[in-house]
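Fold and geometry: a report
Now for the letters of each chain:
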Amino acid sequence: MTTRTQANVSFACVHVRTTVDFREQNHSGKSDDWVKLVSSDGYSFLVKRNVATVSGTLRTMLSTDSTFREALVNTCTISERAVLVEKVCEYMAFKAQYESAGPKEEIPLNEFTERIPPEVALELLLAADYLEGEA
């Protein structure tokens, strides 16, 4: 398992193709602190709910006011490869970290953009468009 942390925002990348009871992964006892994103090739990513809701699409899917299956089980299936879902998770964590930054605070954009391999850039833009990842 790979865990990435940026300030108080984190996500876990679980490179296992098995089904695990998601509530067992949550150490705080609250089943809604974390959500699971599943890529089309079967990889799972555990993401804090406040990070996942940076995406408009995921926010709608996970809304507690809805009766969507995703909201009930805290799991969203994303029809993208794991390499793209991982970069989307990284972006959402980056955005959540700097979302409350003041207008004079410098945001190190190169810190994120340098980690995007050119060969996935176009696919990543399409995934971001689908997930309504606002820039």
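None of these values were measured; they are calculated from a predicted model.

Now for the overall build of the protein chain. For the protein chain, the count of helices and strands is seven helices and five strands. Secondary structure elements in the protein chain, listed N-terminal to C-terminal, are β-β-α-β-β-α-α-α-β-α-α-α. Considering the protein chain as a whole, with its 135 residues, one finds that 41% of them fall into the buried category. For the protein chain, long-range pairs separated by at least 24 residues make up 59% of all intrachain contacts whose partners lie at least 6 apart in sequence. Element-wise, carbon and sulfur atoms account for 53% of the exposed surface of the protein chain, whose accessible area totals about 8100 Å².

Turning our attention to the pairing of strand β3 (residues 34-38). A large share of β3 lies buried, amounting to four of its five residues. Relative to strand β4 (residues 44-48), β3 is paired through five bridges, and the arrangement is antiparallel. Note on β4: the bridge partner recorded for L37 is F45. Two successive antiparallel strands, β3 and β4, enclose a turn made up of five residues, where G42 displays a positive phi of approximately 90°.

Thresholds, definitions, all that
- Residues numbered from 1 in each chain as written.
- Predicted model: local features only at pLDDT ≥ 70, side-chain atom pairs only at ≥ 80, totals over all residues.
- Heavy atoms only, no water.
- Helix = DSSP H or I, 4+ residues; strand = E, 2+ residues; numbered from the N terminus.
- Buried < 20%, exposed > 50% of the residue type's maximum accessible area, 1.4 Å probe, protein only.
- Contact = heavy atoms within 4.5 Å.
- Areas by Shrake-Rupley, 256 points an atom, 1.4 Å probe, with all protein chains shown as cover.
- Pairing = 2+ DSSP bridges.

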